[in-house]
Amino acid sequence: MKSTILKSLWGLGGTSTPCFISGSPRSGTTWILEVLEKIAEARIHWEPLNWHLYNSAYDRSTDPLNWMRPNEETLENHPELAQELSRILKGGVPSKPAMMRIAHLSAIQNAVRLVSAKDTVVKFVFAQRALSWMAKNTAGKGCVILRHPMSVVSSQYHHPYRPDGKWAQHPEWTDEVICASHPMVSLLEATQYSALERLMKIDLLPEGRLAITACLDMLAALNSPEAKQKYAFVAYESLLGSPENFLKLANFLDLRIKVQPTVEELRKRSRTTSDQNKNSGTARLSCEARDQIQMIIDELGLGFYKQDGSLDHAALKALKLPNLISD
């Protein structure tokens, strides 16, 4: 009943073409979405490709659909999936899993926003390898979040999960699931990146397996001519404590600003992120893991990320991304 009501409310608002945020899991997309949601008073479409998170019956270690990252070839061979993604990016009503997230957010002000907000922001963590298709087949603007793979992996591997009050590894990133599912390499990527053959012969740590997946997610975006021309590329590190860069991002996405962002707003604890120093995560990795991840980063040509967890902004700018937001 609640889902039906919310779907009806959704159909009353959102007259503009949605924009979207894309990034690897644990790359900061939720934090960025929540700031944009606040300052633009936009409504959100939460993880439409990430439906499996809402059904605990799926076996994360064996179900291949659980880990599907659709690329251009996948979408061309599965027209029903392509049609659904296109529908979402034209402002279509969310499916039930996404509505569950919206229901969780639906305090009175958010319920009102479903009707009153004219801007919609879609958030993806499994769309990085579909960006070329999205740029060719959909009209809306989007942004790609770039975050140091070492920080991404640390956040994945140490993501807090307390189903019974005790800390445990998050079920998405247990050693069993990581070894069964990562690195996620398509046949095209296996031939596209010669370094992968060398990397796959190494005795990879779980963190190294995750790092290859995260790097390939990023490379899919950086090596897409269509995505580079159409979408903004945003260095996560450039948004920390920078209301000005958040405004640049919001303006690029054509979001109507209702509330000016502040440093305090950026630091505020969100539903899934904390107000701790967001650069501190790499310290949770062992020296061996950091060394292996940095080797993977360098082998795959992402050397603008350094072993101390920093980003070489000059090296990133040398890639000449037309819509780059970076210090």
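In the block above lies the structure referred to throughout.
Residues numbered from 1 in each chain as written. Predicted model: local features only at pLDDT ≥ 70, side-chain atom pairs only at ≥ 80, totals over all residues. Heavy atoms only, no water.

1. Observations concerning the packing of helix α8 (residues 149–157) against helix α17 (residues 287–299)
For the pair α8 and α17, the least separation of the axes is 10 Å and the interaxial angle reads 135°. As summarised for this structure, α8 and α17 are arranged oblique, according to the angle between their axes. Regarding α8 and α17, the two cross each other, and that crossing is right-handed. Counting all contacts with α8, which are made through Pro149, Met150 and Val153, the residues of α17 involved are Arg290, Ile293, Gln294 and Ile297. (Axes fitted to C-alpha atoms, helices over the stretch in contact; angles between N-to-C directions. Helix = DSSP H or I, 4+ residues; strand = E, 2+ residues; numbered from the N terminus. Parallel < 35°, antiparallel > 145°, perpendicular 65-115°, else oblique. Left-handed = near helix turned anticlockwise from the far one by under 90°. Contact = heavy atoms within 4.5 Å.)

2. Let's talk about the packing of aromatic side chains
According to the stated counting rule, one finds five aromatic pairs in the structure shown. For the pair Phe20 and Tyr231, a centre-to-centre distance of 4.9 Å together with 75° between the ring planes defines the contact as edge-to-face. On the criterion of sequence distance, the pair formed by Phe20 in strand β1 (residues 19–22) and Tyr231 in the loop between α13 (225–230) and β7 (232–235) is long-range, its members being 211 residues apart. With 5.6 Å between their ring centres and 65° between their planes, Trp31 and Tyr236 make a pair best called edge-to-face. Of the two residues, Trp31 sits in helix α2 (residues 29–40) while Tyr236 sits in helix α14 (residues 236–239), which places them 205 residues apart along the sequence. Here the two residues Trp31 and Tyr236 agree in accessibility, since each one is buried. Pairwise contacts between aromatic rings join Phe20, Phe124 and Tyr231 into one cluster. Of note, Lys141 hangs over the ring of Phe252, and the distance from its end group to the ring centre comes to 5.0 Å. The positively charged end of Arg147 is found above the aromatic ring belonging to Tyr236, 4.2 Å away from the centroid. (Phe/Tyr/Trp six-rings, centres within 6.5 Å; stacked < 30°, edge-to-face > 60°. Buried < 20%, exposed > 50% of the residue type's maximum accessible area, 1.4 Å probe, protein only. Lys NZ or Arg CZ within 6 Å of the ring centre and 35° of its normal.)

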